[in-house]
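The primary structure of each chain is shown beneath.
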Amino acid sequence: MTRFLPLLLAAALASGAQARTLAEIKKAGVIKIGTNAEFKPFTYFEGMTMRGFEYDLGNAIATQMGVRAQWVNQPFDNLLIGLKGDRYDLVISSHGITPERQKAVDFTAPHYCSGGMILARPGGPKTAAQLAGKTVATQVGTTYVAQIARVVGAKNVRTYPNNADALQALRASRVDAMVNERFYSLEAVKASGGKLQQGQMLFQEKLGMAVAKGNASLLKAVNGALKTVQGNGTYAKISKSYFGQDIRCR
Ligand code: ARG
C-alpha cells in the first residue's frame, strides 16, 4: 500500500487542490475571501474586528450571492498563490489588474480605480522628478515595486513584507520616500500629525478581485453581484462612508 503513496502525492500536487465552484460555495453557504488586512481604509483591523471599504464591499457581494463571507488574513505576497489551493475562493485586496497576474488568476471587472502616490517626510520629494537618486520604500509583491524602479532604478527600491514596516522606515529616515495606494497614503498622512506629506500620483491602475484561473461560475457570480451593488446604491453608500466619494472606475 505505502509504495503507492508517493505516486498519489505527486498526482495531487500536479493537479493542485481544486477551486470550489459556485454551486459548492452556495451549498456550503460560505464564501472564503482572502485579504491582507493592514491596508487602511481598504481592509484593516480595529482591535479584533476587520473593517474597511473592501471588507464591506465583499460582505455586500456575498450577501447578494446568498452566502456568508468568511475572511482569511494573509501576507499580501501569498494571496494570489493561495487561490491555487483551497484556502479561499476569492481575493479582495486592491490588486492592480496586470497582464502578468492575469496569467495566474482571473480578475473580475475592476471594483475601483486609483493608483500609486508618493509619500515623504515634510520637505522630501513630491514629484517623480524629485525622486531621482532617492531610496523609496514599498510593500513586496505590489505593482508599486516596478513603477518605483522605473523612476529610481531597481537598486533604490526597498521592499518590506508589511506596509507598516515601510511606513516606519520612512518615518525613521531609513528611506527618502514611499509609494503606496492613493487612499492608503492619504490616510497615513492624516494619521501622522504633520510628520508625513503627500506627493504626486506616480501612476494609475484598475483594481480587481481575483478567483482561481478558470473558475468561470464564481467569476460570473461575483461580477454579477458587483454590478448589482453598483446599481442599487449599496456600493456608493459604502464608498462614501470611507472616502467621502464614489471611487468606482468611470
Ligand atoms: N495596488 C497594489 C498592487 O496591486 C498594492 C495592493 C496592496 N494591497 C494590500 N492589501 N496590501 O499590487
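Residues numbered from 1 in each chain as written. Predicted model: local features only at pLDDT ≥ 70, side-chain atom pairs only at ≥ 80, totals over all residues. Heavy atoms only, no water.

Taken from the UniProt record, the annotation "domain: Solute-binding protein family 3/N-terminal" (unreviewed entry) applies to residues 30-246. Taken end to end, residues 30-246 has its terminal C-alpha atoms 28 Å apart, with 35% of it in helix and 32% in strand. (UniProt positions renumbered as here; feature names shortened; annotations may be inferred. Helix = DSSP H or I, 4+ residues; strand = E, 2+ residues; numbered from the N terminus.)

If you add up the space inside the largest pocket, you get close to 290 Å³. Surrounding the largest pocket, 13 residues form its lining, Asp 77, Leu 80, Ile 81, Arg 101 and Ala 104 being those nearest its centre. At the level of elements, helix H4 (79-82) and helix H5 (99-102) are the ones that each hand at least two residues to the lining of the largest pocket. Across the lining of the largest pocket, the residue classes tally to 5 nonpolar, 4 polar and 4 charged. (1 Å grid on protein atoms, 1.4 Å probe; cavity = no way out; pocket = protein on both sides within 12 Å on 5 of 7 lines; lining within 4 Å. Points joined across faces, edges and corners; volume = space filled by probe spheres on them. Nonpolar A, V, L, I, M, F, W, Y, C, P; charged D, E, K, R; others polar.)

Turning our attention to the confidence of the model for the protein chain. Looking at the protein chain as a whole, its pLDDT mean stands at 94, while 93% of the residues score no less than 70. Overall, residues 9-15 carries pLDDT values under 50, and its contacts beyond four positions in sequence, including any with other chains, amount to 0 contacts. If you check the scores for this complex, the pTM reads 0.92 and the ipTM reads 0.98. (pLDDT = per-residue confidence, 0-100. Contact = heavy atoms within 4.5 Å.)

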